[in-house]
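Coordinate inspection notes
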Amino acid sequence: MALLEIKNLKKVYTARFSNQQTEALSTVNFSVEKGEFVSIMGESGSGKTTLLNIISTLDEATGGEVYLDGKPLSNIKDKEISAFRRNTLGFVFQDFNLLDNFTIKDNILLPLVLSKTPVAEMEERLIPIVRKLGIEAHINKYPYEVSGGQKQRVAVARALITQPKIILADEPTGALDSKASQNLMEILKGINETGQTILMVTHSTRAASFSSRVLFIRDGSVYHEIYRGEQTSDEFMERISQSLTVLSSRGGKDE
Amino acid sequence: MNNRFFTSLAVRNIKSNQQLYVPYLLSSTAIITMFYLMSSLLTNKFVQERSSVLPTLFAMGTIVIGIFSFIFILYINSFLIKRRKKEIGLYGILGLEKKHVAKILFFETLITTFVSIAGALIVGQVFGRLFFMLLNYLLRLPTDINYSTSPMTALITAGLFAGVFAITYLYNVSQFTFANPIKLLKGKKEGEKEPKGSILLFILSLVLLGWGYGISLTIADPLSAISKFFLAVLLVIMGTYLLFITGSIYILKALKKNKRIYYRPGPFISISGMLYRMKQNAVGLANICILASMVIIAVSTTVTIFVGTEETLENRFPKENNMTLNGTDLSQEELNTQFVGLQGKFHEEAQKIELKVTDMESYRYLTVFGNLEGNRLVFEEGFPAANVPLYIQVLLLEDFNEMAGKQIELSNGEALYYHSKGALNQQNIVIGDQEFKLKEADYDFGGEAAIVTTMVLIVPELSQIEMISEIYQQELPQANPASIDAFIGWNTDGTNAQKKALGKQMKQLSSASESLSFESREAFREEWYSMNGGFLFLGIFLGLLFTIGTVLITYFKQVSEGFDDREKFQIMQKVGLDKDMIHESTRSQIVWMFLLPIVTATIHVIFAYPIVRKMLTVFGVTSEITWLLSFTGVVIAFGAIYWMIYRITSRVYYSIVK
Ligand SMILES: Nc1ncnc2c1ncn2[C@@H]1O[C@H](COP(=O)(O)OP(=O)(O)OP(=O)(O)O)[C@@H](O)[C@H]1O
Ligand SMILES: [Mg+2]
């Protein structure tokens, strides 16, 4: 059974002051196995963020269903949704979403504090993660005192610390330069190799080349996917770019 | 680029920052209104005419409110400017010169200054009148107290606050002139830093508070209480600000260090939030604390004066009817015959209108001033004197026995005494060439109630009183001669109307004679109630004013912090913060936001008790019980009101951040 299964997902936005409707997702179907590292690519406005927000329960679908471990997300009660988000999902956002009133350490511990984890356990979990992400020296600083790349690694640490079933990342390299992006992707890849499932939205072919599978989304549905298989990073990147150019020039949905 | 351009830019900025400017303008208008109303009371007829003490007190009050509003406007301005740093930093990056930015800020300040001052003057006029009307209606005092103000007051208010806003403008400009744009863009993000030398400041705050409290605790007499009260108030206000700034940061840091307390959802969010803006948080709390103290003092003292009116009347007029026979122009025999004759006459007069004398007190007495030096009594002239001397009454044993219901006998060289400060060490007292062996009189003359220290001497013979009077004359030939006078006070049965009628009759009787003067408690009662009702009126008015101030400050604090925190809560919700926890984090601020200011205010007021009590004796209130009851009542009532304010405003906060 797949860890994450998405069936006929549909999302229609209705504008606030008119009846104009935008179909952000028409029918999305795909699944993610445990331990996979899946990238989602697509043009701006194709519905990637919408998809990710529905999976992360930040937004509700108009139709269809998301199953995690075989359980439909729409069955989760309102009261449990925050705890679900805290304990089962990890988030990495494009604009980091760190809090300036907390130190780096407290930012990372935030989800654990919200889950009322004992202090000793929190600290036990913290040390190996910050060491692995190379931010050990900064844990007592504040977010506005570290670089963008470091901030994003903090965000990754915050996502990891709850030992989530899946990490959801929306353009994690979007605000980083190429060197910091490279570094972050290597870290994500390393994490994936320890068995962590990751679902990432990205515009960057280089970033996508670190994953094991790439899904292409257009006009609200998945229309193509490629597996990395035994290819090297560079070969895989080459294929991703080819797919993008071919697919975008062809236009339409005739897969 | 002309002024028109900058004005329209300024207007647009204010409009687009509505969320910040609406609470800002509301709060600054309210605080200026408060000052305006307070200073209008200075020229109020009641304040001017009731007591010479009142104009001084209100002048002090106006100065205190002035200082307070200055700090308050700086405080709300700092909120505003901090949140606008990014926007203004952007101007710099977009290529606007610093002098242009300063010009935009200038027009913004000009507009806010005009709006809040004009608003305050209008609101003040309307609010003042309405509240005076309402209070007159509610209290139904015999005479209404009218609201009045003068163009001068309005002018002073406008001028003062134009100055205050000018200072905020200079502060804001300096913030931008000395900072680079990148720093400004980050401006909102950086947390506040702990003030330098906070240990020293902490000690200073304790010194200031200790000094202020010390003044109150060591105050000797009511007359100096009034002038020193002002100094004490200023010291305590400064001390409070420093204490909250340094103390709260220290406590918050200690809480943060304690992992068991800190790493729980509620405290985690609230402690980090308060540390992030530690100074603003502290100043906000200090503001609330100071206003709370002012409410409690204003209301509890005036309630005490009002509730204590009956007691004050009794202190001032021991009996319903009080006749004094002035002995200056009378010989000893004349005094004695009149003294006895009058007593009989008063019984008859009462009988004429079918009343019965139920209780009569009469004595002959001599009043002199002096000081005890060892066991020698050195005479001094009475008021005005630099050091208020001892107030001495000399009574006749015969009268005292009658009054106290005793049968004490004294031999010739003996005297009984009473001293308001308790038993004396001396065994005897020397007055001129006379010496008396002293025995304490076991009787309460109520001297503790008096404004000055009092001593009573009781001697067996009228001739001895005469002698003391002569010695006084010899020692102070230039002073007014001290005469032996007589007092006759009595109560009767009957209704209030009958008593009043008797009072009128007696008044007539006394006006027939040069040496008689008469006062009826009943005749004064109404006058006193209307006077003290006036105090109550002012007290309630000020209490309301300060309470509204508290409402606005708390509201401003919650709203502006709510907007500050909104983004944070949104991020936290993304990573799994649920609504219950937002509640929990606002709840864990209760102790802090609610209890801290109220408890500190209560401590302030407890320490203010001695000095306030001394001041109240000027108005004739002496009962501790009345004071304690009204004080406790006011603290509890204000606590309840502030609790409601707190609950409502934290709901506002919650609805902003959720
Ligand atoms: N809250 C909303 N209300 C209405 N329409 C929305 C809303 N959010 C997104 N949309 C629309 O839905 C479509 C998909 O948006 P989405 O944000 O998912 O795109 P995206 O693939 O993430 O784009 P990008 O790569 O630029 O981030 C767009 O046409 C967008 O305008
Ligand atoms: Mg997007």
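Remember, it's a predicted structure, so these values are computed and weren't measured experimentally. (Residues numbered from 1 in each chain as written. Chains lettered and ligands numbered in written order. Predicted model: local features only at pLDDT ≥ 70, side-chain atom pairs only at ≥ 80, totals over all residues. Heavy atoms only, no water.)

Another aspect to go through is the overall build of chain A. When its secondary structure is counted, chain A shows eight helices and ten strands. Since a compact globule built from 255 residues should have a radius of gyration of about 18 Å, the 18 Å found for chain A is in line with a globular shape. Judged by the C-alpha coordinates and their principal axes, chain A covers about 55 × 45 × 40 Å. The buried share of chain A, taken over its 255 residues, is 55%. Total accessible area on chain A stands at roughly 11400 Å², and carbon and sulfur atoms take up 47% of it. Charge-centre separation for chain A: the mean point of 30 positive side chains lies 4 Å from the mean point of 32 negative side chains. (Helix = DSSP H or I, 4+ residues; strand = E, 2+ residues; numbered from the N terminus. Rg over C-alpha atoms; globule rule 2.2 N^0.38 Å. Buried < 20%, exposed > 50% of the residue type's maximum accessible area, 1.4 Å probe, protein only. Areas by Shrake-Rupley, 256 points an atom, 1.4 Å probe, with all protein chains shown as cover. Lys, Arg positive; Asp, Glu negative; His and termini not counted. Charge placed at Lys NZ, Arg CZ, Asp CG, Glu CD.)

Here the focus is the site of ligand 1. Residues and elements named next belong to chain A. Around ligand 1 lies a shell of 13 residues, among which S44, K48, T49, T50 and H203 are the nearest. Between an oxygen atom of ligand 1 and a main-chain N or O atom of G47, the distance comes to 3.0 Å. The contact in question runs from an oxygen atom of ligand 1 to an N or O atom on the side chain of K48, over 2.7 Å. Relative to its unbound accessible area of 630 Å², ligand 1 is 61% covered by the protein chains. Going through the elements one at a time, β2 (21-32) and α1 (48-55) are the ones with two or more residues in the shell around ligand 1. For the shell around ligand 1, the element with the most residues is α1, which contributes three residues. Counted by class, the shell around ligand 1 contains two nonpolar, eight polar and three charged residues. (Near = heavy atom within 4 Å. Polar contact = N/O pair within 3.5 Å; in protein donor to acceptor, adjacent residues only side chain to side chain. Nonpolar A, V, L, I, M, F, W, Y, C, P; charged D, E, K, R; others polar.)

At the interface, 27 residues of chain B touch 28 residues of chain A. Across the chain B to chain A interface the summed buried area is about 2500 Å²; carbon plus sulfur atoms make up 64%. Inspection of the chain B/chain A interface yields two salt bridges. Linking chain B with chain A are seven residue pairs in polar contact (both at pLDDT 80 or more). (Contact = heavy atoms within 4.5 Å. Buried area = accessible area lost by both parts, 1.4 Å probe. Salt bridge = Lys/Arg side-chain N within 4 Å of Asp/Glu carboxyl O.)

So, about the layout of surface pockets. Residues and elements named next belong to chain B. Estimates place the volume of the second largest pocket at around 720 Å³. K82, K85, Y171, Q175 and E192 are, among the 21 residues lining the second largest pocket, the residues nearest its centre. For the lining of the second largest pocket, the secondary-structure elements that each account for two or more residues are α4 (53-93), α6 (151-177), α7 (181-187) and α12 (278-307). When residues in the lining of the second largest pocket are grouped by element, the largest group, seven residues, is from α4. Partitioning the lining of the second largest pocket into residue classes produces eight nonpolar, six polar and seven charged. (1 Å grid on protein atoms, 1.4 Å probe; cavity = no way out; pocket = protein on both sides within 12 Å on 5 of 7 lines; lining within 4 Å. Points joined across faces, edges and corners; volume = space filled by probe spheres on them.)

All names here are of chain A. Along the chain, the position of Q152 falls in helix α5 (residues 148-160). Here the side chain of Q152 touches P172 through a polar contact of 2.8 Å, landing on its backbone oxygen. Setting aside its immediate chain neighbours within four residues, Q152 contacts V92, F93, Q94, F96, P172, L176 and L184.

In this section: the side chain of A:T103. Relative to the helices and strands, A:T103 resides in the loop between β6 (89-92) and α3 (104-114). Ignoring sequence-local partners within four residues, the contact set of A:T103 consists of A:I139, A:N140, A:K141, A:Y142 and B:K256.

A few words now on the nonpolar core. Core analysis: the largest hydrophobic core is formed by 192 residues, its most contacted members being A:L4, A:L51, A:I108, A:L199, B:F541 and B:L542. Per-element tally for this core: the top contributor is α12(B), with 16 residues. Excluding anything up to four places from it in sequence, A:L51 contacts A:L9, A:L25, A:V28, A:F30, A:I40 and A:I217. In this structure, B:L377, B:V394, B:M455 and B:W490 belong to the second largest nonpolar core, which totals 45 residues. (Core = buried A, V, L, I, M, F, W, Y, C linked by side-chain atoms within 4.5 Å.)

A few words on helix α16 (residues 462-475) of chain B. Here α16(B) spans 20 Å end to end across 14 residues, near enough to the 20 Å set by a 1.5 Å rise per residue. For α16(B), the set of buried residues is B:L462, B:Q464, B:I465, B:I468, B:S469, B:I471 and B:Y472. (Expected span 1.5 Å × (residues − 1).)

With that settled, the discussion passes to the packing of aromatic side chains. All names here are of chain B. Evaluation of the coordinates by the stated rule reveals 38 aromatic pairs over all chains. Ring geometry for F46 and F535: centres 6.0 Å apart, planes at 85 degrees, overall edge-to-face. Of this pair, F46 sits in helix α3 (residues 45-50) while F535 sits in helix α18 (residues 521-574), placing them 489 residues apart in sequence. There is no split in this pair, since F46 and F535 are both buried. (Phe/Tyr/Trp six-rings, centres within 6.5 Å; stacked < 30°, edge-to-face > 60°.)

The subject of this paragraph is the sheet that holds strand β7 (residues 166-170) of chain A. Neighbouring strands of a sheet are bound in pairs by backbone hydrogen bonds; such pairs are parallel or else antiparallel. Residue and element names in this part refer to chain A. Pairing in this open sheet of six strands is mixed, and the strands run β6-β7-β8-β3-β9-β10 from one edge to the other. Edge positions in the sheet fall to β6 and β10 (221-227), since each of these pairs with one other strand and no more. The sheet shows a mean angle of 20 degrees between the axes of neighbouring strands, taken without regard to direction. Sheet topology places strand β3 (residues 37-41) next to strand β8 (residues 197-201); four bridges connect them, and they run parallel. Looking at β8, one finds that V38 is bridged to L199. Helix-sheet contacts for helix α2 (residues 78-88) involve β6 and β7, and the interaxial angle to β6 is about 75 degrees. (Pairing = 2+ DSSP bridges. Axes fitted to C-alpha atoms, helices over the stretch in contact; angles between N-to-C directions.)

With that settled, the discussion passes to the pairing of strand β2 (residues 357-373) of chain B. Residues and elements named next belong to chain B. Relative to strand β9 (residues 484-492), β2 is paired through nine bridges, and the arrangement is antiparallel. By the bridge assignment, L366 is partnered in β9 with I484. Pairing analysis gives six bridges linking β2 to strand β4 (residues 390-396), with the strands arranged antiparallel. Bridged to T367 within β4 is Q393. As paired strands, β2 and strand β3 (residues 376-380) are joined by five bridges and run antiparallel to one another. The residue bridging L372 from the neighbouring strand is L377, located in β3.

A separate point is the confidence of the model for chain B. Residues and elements named next belong to chain B. Mean pLDDT over chain B works out to 85, with 97% of the residues at or above the 70 mark. Within chain B, helix α8 (residues 198-217) carries the highest mean pLDDT (93), whereas α7 carries the lowest (67). Our summary of model confidence lists the complex with pTM equal to 0.79 and ipTM equal to 0.86. (pLDDT = per-residue confidence, 0-100.)

Another aspect to go through is the sheet that holds strand β5 (residues 71-72) of chain A. Residue and element names in this part refer to chain A. Pairing in this open sheet of four strands is antiparallel, and the strands run β2-β1-β4-β5 from one edge to the other. Every interior strand has two partners, whereas the edge strands, β2 and β5, have only one. Here strand β4 (residues 63-68) runs beside β5; their pairing, made up of two bridges, is antiparallel. Across the sheet, Y67 pairs through a bridge with P72, a residue of β5. The sheet strands contacting α1 are β1 (4-14), β2 and β4, and the helix crosses β1 at an angle near 115 degrees.

With that settled, consider the pattern of salt bridges. Counted under the stated rule, the structure contains 31 salt bridges over all chains. Between A:E121 and A:R125 there is a salt bridge, with the nearest N and O atoms lying 2.8 Å from each other. Taken together, the positions of A:E121 and A:R125, both in helix α4 (residues 119-132) and four residues apart, correspond to about one turn of that helix. Looking at A:R125, the relative accessible area reads 19%, which means it is buried. Note that B:K319 and B:D359 form a salt bridge whose closest N and O atoms lie 3.9 Å from each other. Of the two residues, B:K319 sits in the loop between α13 (309-316) and β1 (321-325) while B:D359 sits in strand β2, which places them 40 residues apart along the sequence. Residue B:K319 is classed as buried on the basis of its relative accessible area, which comes to 8%. Residue classification places B:D359 among the partly exposed residues on the basis of a relative accessible area of 33%.

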